[in-house]
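# Survey of secondary and tertiary structure
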Amino acid sequence: MNNSTCLQPSAATTVALPIIYSCLFPAGSFGNLLAAWIFSRKAPTRRTQYIYLANLVTANLLVCSTMPFLAAYFAGGHGWTYESVQCSITHHLGTLVMHVSMYVTIVILCSIALSQYATLKKNSGTQYSQALHGNFQGRLLQQFRRPKFAKYLCVIIWLLVVCITAIAVTYNIQERASAHFPTCYNIRVEAGELPAMIAGSLATACFFLSFMTVLWSYYSLTRHLSKIQKNTCIGERHLIYSVVKRNILVIQMILTVCFLPYHIFRPIFYVLLADNDCPRLNHLVEIKNFLTCLAAAKSSLDPVITLLLDKTFKKSLYGLFTKSTAEHQKRNDDDIFTETGRNM
């Protein structure tokens, strides 16, 4: 974009976004710290779900840590110089942490859904379990419920996302020296250079792959549950299917409501950047920023969703303040691997 003064933030950007981020930060930080404390005390450390949950809470806390910087940027970034320290910190460190944590969250949510689906498939019957282990897809699916595999997977996810994002940000830093913009709030910060756009396209493809995987898990689990209901009586053992079906559905809903709008709009945003119409560009940038805020809000709303949907979390939270009995504690530990509402 040749016109360096094209972007002019409106009140929606300079007032609404700082207020939203300022409200999300304390709520998300407190809720996720509380969730981390509860699960560290209640959850068995060798359980696969605990490994995924620990990484998910970490990603949520990192997203929350960027919110004060984002609030300051949208409130005063149009008055900062492009070469200022605060602009550099917000542009590079804030962007890096935000997007790394966002995509780690997305991939881990997908892994949790696959882990739960694999666990129920394995316990659905001896004949089916043998058939599941007899093919490559089945063996790969079962790996998601193994603690060792979960640890390695989470490490690989963090490393890949950090490396891809860091390369794009490093390139932007190198290009920054030759840039001449009067303010921090400009099209280069908002759109990024070519490597950032390529990384964004890869991240978008990663999201849609995860989105379709969770959708497939829910559809397959629904079909499997329908077969069981037709062929057998649904006893207490089969109630777990309804619980996990609900939790996978909530994961799908979170991906749809919080992340899908942003990833649908991102390719449109890149395509329309070639247009030098300043009013349209301002609208595009503001839509992008509000959709990014919606995606970030997921990390702050996680504890609320957990409190509403996850029986284990509610019982554990209640037990921490009422000195629950040993029997209550044991029941919580035994049930935690089936209650995946926490990862929404």
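In what follows, the structure referred to is the one given above.
Notes on the structure in this doc start here. In this text the structure is predicted, and so the values were computed from the model without any measurement.

Rules used in this analysis
Residues numbered from 1 in each chain as written. Predicted model: local features only at pLDDT ≥ 70, side-chain atom pairs only at ≥ 80, totals over all residues. Heavy atoms only, no water. Core = buried A, V, L, I, M, F, W, Y, C linked by side-chain atoms within 4.5 Å. Buried < 20%, exposed > 50% of the residue type's maximum accessible area, 1.4 Å probe, protein only. Helix = DSSP H or I, 4+ residues; strand = E, 2+ residues; numbered from the N terminus. 1 Å grid on protein atoms, 1.4 Å probe; cavity = no way out; pocket = protein on both sides within 12 Å on 5 of 7 lines; lining within 4 Å. Points joined across faces, edges and corners; volume = space filled by probe spheres on them. Nonpolar A, V, L, I, M, F, W, Y, C, P; charged D, E, K, R; others polar. Phe/Tyr/Trp six-rings, centres within 6.5 Å; stacked < 30°, edge-to-face > 60°. Lys NZ or Arg CZ within 6 Å of the ring centre and 35° of its normal.

Membership of the largest hydrophobic core comes to 77 residues, with the highest contact counts inside it found for Tyr 21, Tyr 52, Val 104, Ile 108, Ile 187, Leu 255 and Phe 259. Listing elements by their share of this core, those giving two or more residues are helix H1 (11-42), helix H2 (48-76), helix H3 (85-122), helix H6 (147-176), helix H7 (187-191), helix H8 (194-231), helix H9 (239-272) and helix H10 (278-309). Sort the elements by how many residues they give to this core and H3 lands first, with 17 residues.

Here the focus is the layout of surface pockets. Take a probe with the size of a water molecule and roll it over the atoms, and the empty space left behind shows itself. Approximately 1,000 Å³ is the volume attributed to the largest pocket. His 99, Tyr 103, Gly 200, Ala 203 and Arg 266 are the residues nearest the centre of the largest pocket, which is lined by 46 residues in total. For the lining of the largest pocket, the secondary structure elements donating two or more residues are H2, H3, H6, H7, H8, H9 and H10. Tallying contributions element by element places H3 first for the lining of the largest pocket, with 12 residues. In terms of residue class, the lining of the largest pocket is built from 28 nonpolar, 15 polar and 3 charged.

Turning our eyes to something else, we now look at the packing of aromatic side chains. Tallying each qualifying case throughout the model produces 10 aromatic pairs. Each ring, one from Phe 144 and one from Phe 149, has its centre 5.2 Å from the other, and the planes form 70°; the classification is edge-to-face. Given the relative accessible area of 14%, Phe 144 is considered buried. A relative accessible area of 24% means that Phe 149 is categorised as partly exposed. A ring pair is formed by Phe 269 and Tyr 270, whose centres lie 6.1 Å apart and whose planes are at 50°; its orientation type is tilted. Through a chain of ring-to-ring contacts, the aromatic side chains of Tyr 21, Tyr 73, Phe 74, Trp 80 and Tyr 185 assemble into a single cluster. It is Lys 288 that lies over the ring of Phe 269; its NZ or CZ is 5.9 Å from the centre.

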